[in-house]
Amino acid sequence: VGRVLVVGATGLVGGKVVDELLAEGAAVAALVRPTADPTPLRARGAEVRTGDLRDRGSLDRALDGVQAVVTTAYGYARRQPGDSLAAVDAAGNSNLIAAARRAGVRRLVFTSVLTADRAVSVPHFYQKARTEAELEASGVPFVALRPGGFVDTLLDASLPGIRRGVLRVPADPDAPASTILSDDVAWFLARAVSVPGIDGGRIDLGTERPTTLREVAATLSRVTGREVRVRPVPTLVRRVAFGAIGLFSPQMRDVMRAMAYVSSGQYVADVTRQREVFGRVPTLQDSVRRWARRAGLGDPVGA
Ligand SMILES: NC(=O)c1ccc[n+]([C@@H]2O[C@H](COP(=O)([O-])OP(=O)(O)OC[C@H]3O[C@@H](n4cnc5c(N)ncnc54)[C@H](OP(=O)(O)O)[C@@H]3O)[C@@H](O)[C@H]2O)c1
């Protein structure tokens, strides 16, 4: 494989991709913004290269001697002043594609999102499809992995409620939607660096089948041995409250659009290709069990 540059290495999934690649024995370089602390990545064995997707020159330097790139980075969460969908997800990814082309990388693994090309009502989902198209037009060998919602992110955010037996959900609890553990997303991204024959592919990532948030709560009840009931934010409250906040917060507006899309039942994965390429489709039960164990919530199923 050669040297792999991980863009987004200071984030949730990117950090796990670094660890997966290091465990496989790969030489890993991590792109780290000047504002982030590089010490933990260095301590784990990654080489640290300073750069920012908004700075094309920094990417040319970071890609020196690199054969493959995995990127999980995105700007629509606005982690820093100046981050935005336009500056990072659109222009920043264009910079990365141009730099990867110049460096002649053999594969760029892009973290997209489920059904990106159909999610026209959600700008930060649809931008992923635009970047996929730009990658295709650039001639840079690439593969796009399209994960469903990170079940651990949802459950982590609800942990205090879950301890009291309530899972608060921001979307329709009865709409089918695909989820996946972020650890598994990282596992697939790391493998996608070297699996042959997948160039140009868009591969959905999910658990064995789309499930509802009510089923996620039921699974949580089963694996922890204590009842967790789903409590949706009522649709009217969601519209009015999020709408009002959305007037002032573009980030909240994005979340609201994404939740409306997820509630529409279209956010579902076809895991056929995932199974063919990677030979692995995790189950919801196992994913929730791994989360519960980590959260210290017990493990009666399969204990
Ligand atoms: N959460 C979900 O349910 C879900 C579902 C499907 C797909 N996804 C996708 O999964 C991916 C990974 O998400 P995550 O949870 O790991 O995100 P995260 O924890 O928020 O990490 C984002 C990373 O992007 C980096 N970044 C942001 N702007 C940058 C820039 N201008 N230049 C260089 N790096 C920059 C951040 O660096 P700093 O530390 O310097 O800010 C950070 O390392 C995202 O692409 C997301 O769209 C998420």
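That block above? That's the structure.
Computed from a prediction, not measured in an experiment: that's the story for all the values here.

### Overview of the site of the ligand
Thought 1: Around the ligand sit 25 residues, and of these Thr 10, Leu 12, Val 13, Arg 33 and Arg 79 come closest.
Thought 2: Thr 10 has a polar side-chain atom sitting 2.6 Å from an oxygen atom of the ligand.
Thought 3: Contact with the protein chains hides 89% of the accessible area of the ligand, taken as 940 Å² for the molecule alone.
Thought 4: Of all the elements in the fold, those that place two or more residues in the shell around the ligand are α1 (12-23) and β7 (149-150).
Thought 5: Its residues assigned to classes, the shell around the ligand shows 11 nonpolar, 9 polar and 5 charged.

### Points about the packing of helix α4 (residues 85-103) against helix α5 (residues 123-138)
Thought 1: Contact geometry for α4 and α5: axes closest at 10 Å, N-to-C directions at 15 degrees. By the angle between their axes, α4 is roughly parallel relative to α5. Of the two elements, α4 crosses α5, and the hand of that crossing is right-handed. On α5, the residues touching Leu 85, Asp 89, Ala 90, Asn 93, Ser 94, Ile 97 and Arg 101 of α4 are Pro 123, His 124, Gln 127, Thr 131, Glu 134, Leu 135 and Ser 138.
Thought 2: In the contact of α4 with α5, the residues fall into 5 nonpolar, 6 polar and 3 charged.

### With respect to the sheet that holds strand β4 (residues 68-71)
Thought 1: The sheet built from 7 strands is open, its strands ordered β3-β2-β1-β4-β5-β6-β10 with parallel pairing. This sheet does not close on itself; its edge strands, each paired only once, are β3 (47-50) and β10 (202-205). With strand direction ignored, the average angle separating the axes of adjacent strands in the sheet is 20 degrees.
Thought 2: The pairing of strand β1 (residues 3-7) with strand β2 (residues 27-32) spans 5 bridges and is parallel. Residue pairing across strands places Val 6 opposite Ala 30, the latter belonging to β2.
Thought 3: Strands in contact with α4 are β1, β4 and β5 (107-111); relative to β5, the strand with the most contacts, it is inclined by about 165 degrees.
Thought 4: The sheet contacts of helix α8 (residues 182-192) involve β4, β5, β6 (142-147) and β10, and relative to β6 the element is tilted by about 170 degrees.

### Some points on the nonpolar core
Nonpolar side chains tend toward joint burial in soluble globular proteins.
Thought 1: Core analysis: the largest hydrophobic core is formed by 38 residues, its most contacted members being Phe 125, Leu 155, Ile 162, Leu 167, Tyr 267 and Trp 291.
Thought 2: Of all the secondary structure elements, the ones that give two or more residues to this core are α5, α6 (151-157), α7 (159-163), β8 (166-169), α9 (213-224), α11 (250-263) and α13 (284-294).
Thought 3: Top contributing element to this core by residue count: α9, with 5 residues.
Thought 4: Setting aside residues up to four positions removed in sequence, Tyr 267 forms contacts with Val 113, Leu 114, Thr 115, Phe 125, Pro 147, Gly 148, Gly 149, Pro 176, Ala 177, Ser 178, Tyr 261 and Val 262.
Thought 5: Listed in part, the 34 residues of the second largest apolar core include Ala 46, Val 48, Val 70 and Val 109.

### Observations regarding the packing of aromatic side chains
Thought 1: Per the counting criterion, the structure on display carries 6 aromatic pairs.
Thought 2: Considering the side-chain rings of Tyr 74 and Tyr 76, the 4.3 Å spacing of their centres and the 45 degrees angle between planes classify their relative orientation as tilted.
Thought 3: The exposure class of Tyr 74 is partly exposed, given its relative accessible area of 34%.
Thought 4: Following the ring pairs from residue to residue traces out a cluster consisting of Phe 125, Tyr 261 and Tyr 267.
Thought 5: The ring of Trp 187 has Arg 280 lying over it, and the distance from NZ or CZ to the ring centre is 4.6 Å.

### Description of the environment of Leu 5
Thought 1: Within the secondary structure, Leu 5 sits in strand β1.
Thought 2: Judged by its relative accessible area of 0%, Leu 5 is buried.
Thought 3: For the pair Leu 5 and Ala 30, spaced 25 residues apart in sequence, the C-alpha to C-alpha distance is 5.6 Å.
Thought 4: If near-sequence neighbours (up to four positions away) are discounted, Leu 5 is found in contact with Ala 29, Ala 30, Leu 31, Arg 49, Ala 62, Leu 63, Val 66, Ala 68, Val 69 and Val 70.

### Describing a positive patch on the surface
Thought 1: On the surface, a cluster of positive charge is made up of Arg 164, Arg 168, Arg 229 and Arg 231.
Thought 2: A residue is classified by how much of its surface remains accessible, and Arg 164, at 68% relative accessible area, is exposed.

### Quick notes on the pairing of β6
Thought 1: Counting buried positions along β6 yields 6 of 6 residues, so the element is predominantly enclosed.
Thought 2: Burial of the side chains of β6 extends over both faces: Phe 142, Ala 144 and Arg 146 are buried on one face and Val 143, Leu 145 and Pro 147 on the other.
Thought 3: As defined by bridge partners, β5 adjoins β6 across 4 bridges and the pair is classed as parallel. Within β6, the residue paired with Thr 111 across the bridge is Leu 145.
Thought 4: As for the winding sense of the linkage, the β-α-β connection from β5 through α5 to β6 is right-handed.
Thought 5: Taken together, the 4 bridges between β6 and β10 define a ladder with parallel strand orientation. In the sheet register, Ala 144 faces β10, and the bridge partner there is Arg 202.

Conventions we followed
- Residues numbered from 1 in each chain as written.
- Predicted model: local features only at pLDDT ≥ 70, side-chain atom pairs only at ≥ 80, totals over all residues.
- Heavy atoms only, no water.
- Near = heavy atom within 4 Å.
- Polar contact = N/O pair within 3.5 Å; in protein donor to acceptor, adjacent residues only side chain to side chain.
- Areas by Shrake-Rupley, 256 points an atom, 1.4 Å probe, with all protein chains shown as cover.
- Helix = DSSP H or I, 4+ residues; strand = E, 2+ residues; numbered from the N terminus.
- Nonpolar A, V, L, I, M, F, W, Y, C, P; charged D, E, K, R; others polar.
- Axes fitted to C-alpha atoms, helices over the stretch in contact; angles between N-to-C directions.
- Parallel < 35°, antiparallel > 145°, perpendicular 65-115°, else oblique.
- Left-handed = near helix turned anticlockwise from the far one by under 90°.
- Contact = heavy atoms within 4.5 Å.
- Pairing = 2+ DSSP bridges.
- Core = buried A, V, L, I, M, F, W, Y, C linked by side-chain atoms within 4.5 Å.
- Buried < 20%, exposed > 50% of the residue type's maximum accessible area, 1.4 Å probe, protein only.
- Phe/Tyr/Trp six-rings, centres within 6.5 Å; stacked < 30°, edge-to-face > 60°.
- Lys NZ or Arg CZ within 6 Å of the ring centre and 35° of its normal.
- Patch = residues over 30% accessible without salt bridge, like charges linked within 9 Å, V, L, I, M, F, W, Y side chains within 5 Å.
- Salt bridge = Lys/Arg side-chain N within 4 Å of Asp/Glu carboxyl O.
- Lys, Arg positive; Asp, Glu negative; His and termini not counted.
- Charge placed at Lys NZ, Arg CZ, Asp CG, Glu CD.
- Right-handed = clockwise from strand over helix to strand, strands pointing away.

Functional significance is not addressed by these values, which are geometric in nature.
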